[in-house]
Amino acid sequence: MKKFHLIFLAILLCLIFTRFSSAQDQEEGMFRAVSITPGIGFEFFSRTITWDDALDVQYTSKLKSSFITFNTEVEFGKGFFVNAILGYAMPVSSYDELTFRGLPLSRTLGVGAIKGYLLGAGIRKSLIYAKDLQIDVLGQFFYYTGTKKEWEMTVLPVDVEGTMEGDPSWTRASIGPVFTYRGFESFYPYLYLSFNKLWGKFKMVQTIQGPAGSLEGNEEINISGASSFSTALGSIFKLTDVFSIKAEGSFIPHGDRVDFGFTVRMMYSF
């Protein structure tokens, strides 16, 4: 929770700074017309998460998610961008290794993909232009909510039926500097170093019905990203004056392994 407060404070300070900077630009006659850049993209990531069960034993497992995203970036002033993102989780998200021990019957999830939706926002402010190098600060916030999924329990005694209903959600926030090289005519490689935090929960309700009556139990597992430092390498390919493609690969080290993800986005400016 303390880390969340720090992220929120950092983004708030960034907002205050950009508001002040934008006001200065207007006073100096540098304010430009609003620029709108919609886009469509694809994102995939595989990330190590930690979680505790009902016995307070900590485990690690993988969270894999894949999204089709729709985004709109708006430039309100000189170098001040706000980006809104809406995404749909394709059936790749996996929570198979989560184990619930506090329900009427202990169960390891093993349900495969769960569909869901992604809402996100980003704020980017250009800080420094030094010849061919541009330095920005970028803050991003994403919230994922899965659709509730119900499935039948197997391996139960005769005349006993059981169902389980899962409801996952997680939040991801990042903030850090972006270093972009603009020495090429239509190819802009960049490096994004960020504090990248993921946290969330998985709610489970289990219902068992038999000749002797029914049992119901619920349990909630908190999940958290195993590491919080991310390095992203990417580039913007400007194909025409209005059409461009952005490709990015991200890497999050964790112990002796590295989690990864990639994003591809097509953008049209007008």
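Residues numbered from 1 in each chain as written. Predicted model: local features only at pLDDT ≥ 70, side-chain atom pairs only at ≥ 80, totals over all residues. Heavy atoms only, no water.

To continue, consider the overall build of the protein. Along the backbone of the protein there are 1 helix and 14 strands. Looking at the 270 residues of the protein, the share that counts as buried comes to 42%. Within the protein, residue pairs in contact and separated by at least 24 positions form 61% of the contacts whose partners lie at least 6 positions apart. When the accessible surface of the protein is split by element, carbon and sulfur atoms take 61% of a total near 14,600 Å². (Helix = DSSP H or I, 4+ residues; strand = E, 2+ residues; numbered from the N terminus. Buried < 20%, exposed > 50% of the residue type's maximum accessible area, 1.4 Å probe, protein only. Contact = heavy atoms within 4.5 Å. Areas by Shrake-Rupley, 256 points an atom, 1.4 Å probe, with all protein chains shown as cover.)

A few words now on the packing of aromatic side chains. By the definition in use, this model includes 14 aromatic pairs. Its end group placed over the ring of F81, R124 keeps NZ or CZ at 3.9 Å from the ring centre. Looking at R182, its charged tip hangs above the ring of Y188, at a distance of 4.3 Å from the centre. (Phe/Tyr/Trp six-rings, centres within 6.5 Å; stacked < 30°, edge-to-face > 60°. Lys NZ or Arg CZ within 6 Å of the ring centre and 35° of its normal.)

We now examine the environment of F179. Within the fold, F179 resides in strand β9 (residues 161-181). The exposure class of F179 is partly exposed, given its relative accessible area of 29%. Sequence separation between F179 and L133 is 46 residues, and the spatial gap between their C-alpha atoms is 7.0 Å. Filtering out sequence-adjacent residues up to four positions away, F179 remains in contact with L133, Q134, I135, P189, Y190, L191 and L193.

Our next topic: the nonpolar core. One finds Y95, L98, F100, L109, W170, F202 and M204 to be the most contacted residues of the largest nonpolar core, which totals 26 residues. No other element matches strand β10 (residues 187-210), which puts 4 residues into this core. With 5 residues, the next largest nonpolar core counts L138, V178, Y190 and Y192 among its residues. (Core = buried A, V, L, I, M, F, W, Y, C linked by side-chain atoms within 4.5 Å.)

Taken together, the side chains of I40, F70, L86, L119, F141, Y143 and M266 present a nonpolar region at the surface, about 630 Å² in accessible area. Along the polypeptide, Y143 turns up in strand β7 (residues 133-146). Taking the relative accessible area as the measure of exposure, Y143 reaches 35% and is therefore partly exposed. (Patch = residues over 30% accessible without salt bridge, like charges linked within 9 Å, V, L, I, M, F, W, Y side chains within 5 Å. Salt bridge = Lys/Arg side-chain N within 4 Å of Asp/Glu carboxyl O.)

This part is about unusual backbone geometry. Located in the positive-phi region is K131, a residue other than glycine, with phi close to 60 degrees. As for its position among the elements, K131 is in the loop between β6 (116-130) and β7. Relative accessible area serves as the criterion here: at 83%, K131 is assigned to the exposed category.

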